[in-house]
Amino acid sequence: QVQLVESGGGLVQPGGSLRLSCAPSGRTFSWYAMGWFRQAPGKEREFVATIDGTGRTIVYADSVKGRFTISRDNAKNTVHLQMNNLKPEDTGLYYCATGNTGPVGLQLPTRVDYWGQGTQVTVSP
């Protein structure tokens, strides 16, 4: 059974930084693309970033390019999302995700097979 456990969310002021982590279990981690999504209150869940199994192919949403960095450590079975220069519009519940598809396909919530429980990120003065 695949499980994804997120951590690292919190309250931060605009311009600040947070680092989210995801610890997957239940499958061979390095074989699969991993991704991050977020959902603000009253809005649909949206794609943030994905990374392939090797870490060489990465896709970002336009709204986070240049500020967020996704990475993975296959030896430690973890994936991270480093978020810098945070803005109030980055506020939301952040979900780790994986699926039986590559990083391009994993941009679509419909292609996600497994979701984490989410970790809250709040950006406020």
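The structure under discussion appears in the preceding block.
Residues numbered from 1 in each chain as written. Predicted model: local features only at pLDDT ≥ 70, side-chain atom pairs only at ≥ 80, totals over all residues. Heavy atoms only, no water.

Structural notes on the overall build of the chain
Each helix and strand counted, the chain has zero helices and 11 strands in total. When the helices and strands of the chain are placed in sequence order, the string is β-β-β-β-β-β-β-β-β-β-β. Considering only C-alpha atoms, the chain reaches an extent of 40 × 30 × 25 Å along its principal axes. The buried share of the chain, taken over its 125 residues, is 45%. Put simply, 59% of the contacts in the chain that link residues at least 6 apart link residues at least 24 apart. Carbon together with sulfur atoms contributes 49% to the accessible area of the chain, which is approximately 6300 Å² in total. Here the chain holds 12 positive side-chain charges and 9 negative ones, and the gap between their average locations is 4 Å. (Helix = DSSP H or I, 4+ residues; strand = E, 2+ residues; numbered from the N terminus. Buried < 20%, exposed > 50% of the residue type's maximum accessible area, 1.4 Å probe, protein only. Contact = heavy atoms within 4.5 Å. Areas by Shrake-Rupley, 256 points an atom, 1.4 Å probe, with all protein chains shown as cover. Lys, Arg positive; Asp, Glu negative; His and termini not counted. Charge placed at Lys NZ, Arg CZ, Asp CG, Glu CD.)

Details of the sheet that holds strand β3 (residues 18–25)
Note: strands within a sheet are paired through backbone hydrogen bonds, in either parallel or antiparallel orientation. If you walk across this open sheet you meet the four strands as β1-β3-β8-β7, and the pairing is antiparallel. Since the sheet does not close on itself, it has two edges, and those belong to β1 (3–7) and β7 (68–73), each with one partner. On average, adjacent strands in this sheet sit at an angle of 15° to one another, irrespective of strand direction. (Pairing = 2+ DSSP bridges. Axes fitted to C-alpha atoms, helices over the stretch in contact; angles between N-to-C directions.)

Structural notes on the environment of Thr50
Mapping Thr50 onto the fold places it in strand β5 (residues 46–51). Taking the C-alpha atoms as reference points, Thr50 and Val5, 45 residues apart in sequence, are found 16 Å from one another. What Thr50 contacts, discounting residues up to four positions off in sequence, is Met34, Gly35, Thr57, Ile58, Val59, Ile70, Pro103, Leu106 and Gln107. Of note is the side chain of Thr50, whose polar atom sits 2.8 Å from the backbone oxygen of Pro103. (Polar contact = N/O pair within 3.5 Å; in protein donor to acceptor, adjacent residues only side chain to side chain.)

Side note on the packing of aromatic side chains
Each aromatic ring pair is specified by the distance between its two centres and by the angle formed by the two planes. The final tally for this structure, using the stated rule, is four aromatic pairs. Taken together, a centroid distance of 5.1 Å and an interplanar angle of 70° make the contact between Phe37 and Trp115 edge-to-face. Separated by 78 residues along the polypeptide, Phe37 in strand β4 (residues 34–39) and Trp115 in strand β10 (residues 114–115) bring together distant segments of the chain. Here the aromatic rings of Tyr95 and Trp115 are separated by 6.1 Å at their centres, their planes lie at 80°, and the arrangement is edge-to-face. Here Trp115 lies in strand β10 and Tyr95 lies in strand β9 (residues 92–98), a separation of 20 residues in the sequence. Its relative accessible area of 10% is what places Tyr95 among the buried residues. We classify Trp115 as partly exposed; its relative accessible area is 31%. What links up through ring pairs into an aromatic cluster is the set Phe37, Phe47, Tyr95 and Trp115. Here the guanidinium or amino end of Arg27 rests over the ring plane of Tyr32, the centre of that ring lying 3.4 Å away. A cation over a ring is seen here: Arg72 above Phe29, with NZ or CZ 4.2 Å from the ring centre. (Phe/Tyr/Trp six-rings, centres within 6.5 Å; stacked < 30°, edge-to-face > 60°. Lys NZ or Arg CZ within 6 Å of the ring centre and 35° of its normal.)

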